[in-house]
Amino acid sequence: MTVADNGASHTGQAAPDLLIAGAGVAGLWLAVKAARAGLSVTLVERGNPGGGASGGFLGALMPHSPERWNEKKDFQFRALVDLETEIRQLESETGEYCAYRRVGRILPLLSERGRFTALDRVADARTNWGGRFRYEVHHTPARSDWPNILRAPQGIVHETLSARVSPPGLLAALLHSLALKPNFDLRLGTSVIDINPQSKRATLSDGARIGFGHVAIASGVDAFSQIARLTGMPLNAIGSGVKGQAALLDAKAPPDLPLVYDDGVYVIAHENGHVAVGSTSENTFDDPAATDDKLDQILKRARKLCPLIKEAPVIRRWAGVRPRAIGRDPMLGPVPGAPGVLAMAGGFKISFGIAHRMADCLVAGITGGDDPKAPQSFSVAYHLAKAAKNQTLQ
Ligand SMILES: Cc1cc2nc3c(=O)[nH]c(=O)nc-3n(C[C@H](O)[C@H](O)[C@H](O)COP(=O)(O)OP(=O)(O)OC[C@H]3O[C@@H](n4cnc5c(N)ncnc54)[C@H](O)[C@@H]3O)c2cc1C
């Protein structure tokens, strides 16, 4: 790997096969997969890797519910199953520890109706998840403080597919893997400010111009305006940011506890006794990085939900902005009308569970290798059609 700081000149260097804008979980997985496939890769990051939405600590890897199966659920399911092996490979390649554990998840059941729905889903899970993972309804949780037995009057769902990972651990392993690759170049502290598909050149904020075979826009919430510019759409038409706030607690909790999820509140036991709690979903906000009383409300609910963390001190508060594409699904693949330009964005709340598989799709599109085939609803064309429809309705 070579690393160039802001201002370094690239004059005379050959254009990389793949130029990537953005070193969040999306851009980093894409860089790793592309470099493994033998492509020369240059990754450009405006700040530091993980400086965007990927810089948090929740790391929940939770499936969609198992009923009404479709392409999107299937894509995510396969990604969640494969991630375990992907992470083992990354760990053995780098010696890093990603703190991945398939701990499962508990969902408290509050109403009789909820219990009946959950019971129906047992058979759906058997059909769609296969025999390896279970989705069961129990009368009580294994521990009365995780979750609070009184918060689950109709029992609980316990499923064994969900997992968790340490976001900083995973990002460190991805970066370490890239550091071992001779065909990888990292440019920090500079942004991709213009992409010219005709001349196949990108301009960076430090004045450098880089040619490319392909360029991938993996710049989180900023990807939407970049893609809008290339496709002649209004800047805010194809996606937006949804702010989330989270907290990390020193709870001396066992690391193998299942995730607990209840109506937007996640409680996730990590290593070292730490427990992550999240998260708000804010469509409007003034300061994307500030934490406030909305996080206090989430914390209050989480402490009631899981008495194990009732007194646990908060050791970190954090906020980030999740990228949500207009069609709600992730945005992946060629940008129509912009030859050589690819999108990998819009992972919203599930990026950590699917980014490796999204990367496989893009790399296959470049190399002609095995393509896991993303759902049609992930395509940029699908999102653009949705955006165009919204524009006409306005
Ligand atoms: C509170 C909270 C909790 C969450 N919990 C979970 C969870 O438990 N599980 C899960 O899967 N997901 C979770 N998410 C969502 C997840 O974090 C995001 O979906 C994911 O981080 C998006 O990754 P990304 O790489 O697409 O974007 P980002 O991580 O935002 O990365 C984009 C990068 O691009 C850089 N950039 C921007 N513009 C440019 C440019 N022009 N040139 C170069 N670089 C540029 C930015 O600096 C940034 O580093 C959570 C999000 C939040 C906020």
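Remember, it's a predicted structure, so these values are computed and weren't measured experimentally.

How each quantity is defined
Residues numbered from 1 in each chain as written. Predicted model: local features only at pLDDT ≥ 70, side-chain atom pairs only at ≥ 80, totals over all residues. Heavy atoms only, no water. Core = buried A, V, L, I, M, F, W, Y, C linked by side-chain atoms within 4.5 Å. Buried < 20%, exposed > 50% of the residue type's maximum accessible area, 1.4 Å probe, protein only. Contact = heavy atoms within 4.5 Å. Near = heavy atom within 4 Å. Polar contact = N/O pair within 3.5 Å; in protein donor to acceptor, adjacent residues only side chain to side chain. Helix = DSSP H or I, 4+ residues; strand = E, 2+ residues; numbered from the N terminus. Nonpolar A, V, L, I, M, F, W, Y, C, P; charged D, E, K, R; others polar. UniProt positions renumbered as here; feature names shortened; annotations may be inferred. Salt bridge = Lys/Arg side-chain N within 4 Å of Asp/Glu carboxyl O. Domains from an automatic or database assignment. Buried area = accessible area lost by both parts, 1.4 Å probe.

### Here we look at the nonpolar core
So, point 1. By size, the foremost hydrophobic cluster in this structure holds 62 residues, and its most contacted members are Ile20, Trp29, Leu30, Leu43, Leu170 and Met344.
So, point 2. If we skip the residues at most four places from it in the chain, Ile20 touches Gly27, Leu30, Ala31, Val41, Thr42, Leu43, Val44, Ala216 and Ala218.
So, point 3. Judged by nonpolar contacts, the second largest core, of 29 residues, contains Ala202, Ile227, Ile238 and Ala345.

### Some words on the site of the ligand
So, point 1. Taken together, 35 residues sit near the ligand, with Glu45, Ser54, Ala60, Phe348 and Ser351 positioned nearest.
So, point 2. Here an oxygen atom of the ligand sits 2.8 Å away from a polar atom, N or O, in the main chain of Ala60.
So, point 3. The separation between a nitrogen atom of the ligand and a polar main-chain atom of Val192 is 3.0 Å.
So, point 4. Where the shell around the ligand is concerned, the elements lending two or more residues are helix H1 (25-36), strand E3 (41-45), strand E14 (239-250), strand E18 (314-325) and helix H7 (351-367).
So, point 5. Of all the elements, E18 adds the most residues to the shell around the ligand, at four residues.
So, point 6. Residues belonging to the shell around the ligand are distributed by class as follows: 14 nonpolar, 16 polar and five charged.

### Some words on the UniProt feature "domain: FAD dependent oxidoreductase" (unreviewed entry) in the chain
So, point 1. Under the UniProt annotation, "domain: FAD dependent oxidoreductase" (unreviewed entry) lies at residues 17-360.
So, point 2. Between the first and last C-alpha atoms of residues 17-360 the distance is 16 Å; the span itself is 29% helix and 27% strand.

### A short note on the pattern of salt bridges
So, point 1. The final tally for this structure, using the stated rule, is 24 salt bridges.
So, point 2. The partner of Asp296 in a salt bridge is Arg317, and the shortest N-O contact between them spans 2.9 Å. Taken together, the residues Asp296 in helix H6 (residues 293-305) and Arg317 in strand E18 connect sequence positions 21 residues apart.

### Things to note about the domain arrangement of the chain
So, point 1. Its domain assignment divides the chain into domain 1 (2-55 + 168-238 + 327-393) and domain 2 (101-165 + 240-322).
So, point 2. Using only C-alpha atoms to locate each centre, domain 1 and domain 2 end up separated by 31 Å.
So, point 3. Across the contact, nine residues belong to domain 1 and 10 residues belong to domain 2.
So, point 4. Carbon and sulfur atoms supply 65% of the area that domain 1 and domain 2 bury against each other, a total of about 790 Å² over both sides.
So, point 5. Between the two partners, domain 1 and domain 2, sit zero salt bridges.
So, point 6. Where domain 1 meets domain 2, there are one residue pair in polar contact (both at pLDDT 80 or more).
So, point 7. Considered class by class, the residues forming the side of domain 1 that touches domain 2 number six nonpolar, two polar and one charged.

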